[in-house]
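# Residue-level structure breakdown
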Amino acid sequence: MGYTHYDVAMRRRNAPKTQPFSVRLGPAANVLVTEEARRVGRSRSAVVEELAEEAAKMRLFPGTAYRGRPRRAWVIGSGLDVWELVDLLRSYAGDAEELRWSHPLVSDRHLRLARAYAERFPEEIEALLEANSRPLEELRALYPFLEIPE
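The model shown is predicted, which means the values in this text are computed figures rather than measured ones.

Turning next to the packing of helix α3 (residues 82-91) against helix α5 (residues 108-120). The contact between α3 and α5 brings their axes to 9 Å, and the two run at 105 degrees. When the axes of α3 and α5 are compared, the pair comes out roughly perpendicular. Residues Val-82, Leu-85, Val-86 and Leu-89 of α3 form the contact with α5, whose own contacting residues are His-110, Leu-111, Ala-114, Arg-115, Tyr-117 and Ala-118. Residue composition of the contact of α3 with α5, grouped by class: eight nonpolar, one polar and one charged.

Here it is as structure tokens:
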């Protein structure tokens, strides 16, 4: 049985190549990038590209950060990924007031930030939503050891 792999949202494997760009890293940055590349088994170039993209997105959307493998945007202070907040909001049919009443740790700021990020990067968020809404039968086949309450 086939399924959509989770990392499709974060890495565009067959994306067209961009123009070469040279950068010189200072000693501290060089050590950090080299160690990260070793740790994750990727090239230094790929690590620098990922870090640059994340930093640019965090500047566009202050209050977001990145975590996990694959890397996912999350809203600082909420404990939730952007896609999780979008999914939660959709489950309340967009009723932010009702959502906040049911989930008091989710603030209006968290929701506004998640909405704005999802509007700017819809493919990223939609792919994560799709990857995380697999049919129950598929999840049982993939993870037979999990107990799923009925």
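After presenting the structure, the write-up continues.
An α-helical turn contains 3.6 residues, so any two residues separated by three or four positions project in the same direction. End to end, helix α1 (residues 27-40) covers 20 Å across 14 residues, agreeing with the expected 20 Å (1.5 Å per residue, within 8%). Looking at the residues trailing α1, positive phi occurs at Gly-41, about 70 degrees.

The next point concerns the pattern of salt bridges. Oppositely charged side chains can pair when the atoms bearing their charge come close. Overall, the coordinates contain 14 salt bridges when judged by the stated rule. When the shortest N-O distance is used, the salt bridge between Glu-138 and Arg-134 registers 3.9 Å. Here Glu-138 falls in the buried class, since its relative accessible area comes to 12%. One salt-bridge network, held together by shared partners, links Glu-36, Arg-39, Arg-42, Glu-50 and Arg-69.

Right, let's get into the nonpolar core. Looking at soluble globular proteins, one finds that nonpolar side chains tend to be buried together. Within the largest apolar cluster, 22 residues are counted, with the highest numbers of intra-cluster contacts made by Val-82, Val-86, Leu-111, Tyr-117 and Ile-125. Only β2 (72-75), α3, α4 (96-102), α5 and α6 (122-131) provide two or more residues apiece to this core. Looking at this core element by element, the count peaks at six residues for α3.

The next point concerns the sheet that holds β2. One key point about sheets: their strands pair by backbone hydrogen bonds, in either a parallel or an antiparallel sense. The sheet built from three strands is open, its strands ordered β1-β2-β3 with antiparallel pairing. Single-partner strands in this sheet number two, and they are β1 (64-67) and β3 (80-81). Examined bridge by bridge, β1 and β2 share four bridges and lie antiparallel to one another. Bridging across to β2, Ala-65 finds its partner in Trp-74. Packing of α5 onto the sheet brings it into contact with β1 and β2, and relative to β2 it is tilted by some 155 degrees.

Quick look at a nonpolar patch on the surface now. On the surface, a nonpolar cluster with roughly 320 Å² of combined accessible area is contributed by Phe-21, Val-23 and Leu-25. Topologically, Phe-21 is positioned in the segment before α1. In this structure Phe-21 comes out as exposed when scored by relative accessible area, which is 74%.

One can describe the packing of α1 onto helix α2 (residues 44-60) by two numbers: an axis separation of 9 Å at closest approach and a directional angle of 110 degrees. The angle between α1 and α2 places the two elements in the roughly perpendicular class. Judged by residue contacts, Asn-30, Val-33, Thr-34, Glu-36, Ala-37 and Val-40 of α1 engage Arg-44, Val-47, Val-48 and Leu-51 from α2. Residues of the contact of α1 with α2, tallied by class, amount to six nonpolar, two polar and two charged.

In this section: the confidence of the model for the protein. Here the protein shows a mean pLDDT of 88. Residues at 70 or above account for 90%. Low pLDDT, under 50, characterises residues 1-11; the predicted model gives this stretch 28 contacts beyond four residues in sequence or across chains.

Let us now look at the packing of aromatic side chains. One pass over the structure, following the stated rule, counts four aromatic pairs. Here the aromatic rings of Phe-61 and Phe-121 are separated by 6.1 Å at their centres, their planes lie at 70 degrees, and the arrangement is edge-to-face. Placement of Phe-61 in the loop between α2 and β1 and of Phe-121 in the loop between α5 and α6 is noted, with a sequence separation of 60 residues between them. Residue Phe-121 is classed as buried on the basis of its relative accessible area of 17%.

Calculation rules
- Residues numbered from 1 in each chain as written.
- Predicted model: local features only at pLDDT ≥ 70, side-chain atom pairs only at ≥ 80, totals over all residues.
- Heavy atoms only, no water.
- Axes fitted to C-alpha atoms, helices over the stretch in contact; angles between N-to-C directions.
- Helix = DSSP H or I, 4+ residues; strand = E, 2+ residues; numbered from the N terminus.
- Parallel < 35°, antiparallel > 145°, perpendicular 65-115°, else oblique.
- Contact = heavy atoms within 4.5 Å.
- Nonpolar A, V, L, I, M, F, W, Y, C, P; charged D, E, K, R; others polar.
- Expected span 1.5 Å × (residues − 1).
- Salt bridge = Lys/Arg side-chain N within 4 Å of Asp/Glu carboxyl O.
- Buried < 20%, exposed > 50% of the residue type's maximum accessible area, 1.4 Å probe, protein only.
- Core = buried A, V, L, I, M, F, W, Y, C linked by side-chain atoms within 4.5 Å.
- Pairing = 2+ DSSP bridges.
- Patch = residues over 30% accessible without salt bridge, like charges linked within 9 Å, V, L, I, M, F, W, Y side chains within 5 Å.
- Areas by Shrake-Rupley, 256 points an atom, 1.4 Å probe, with all protein chains shown as cover.
- pLDDT = per-residue confidence, 0-100.
- Phe/Tyr/Trp six-rings, centres within 6.5 Å; stacked < 30°, edge-to-face > 60°.

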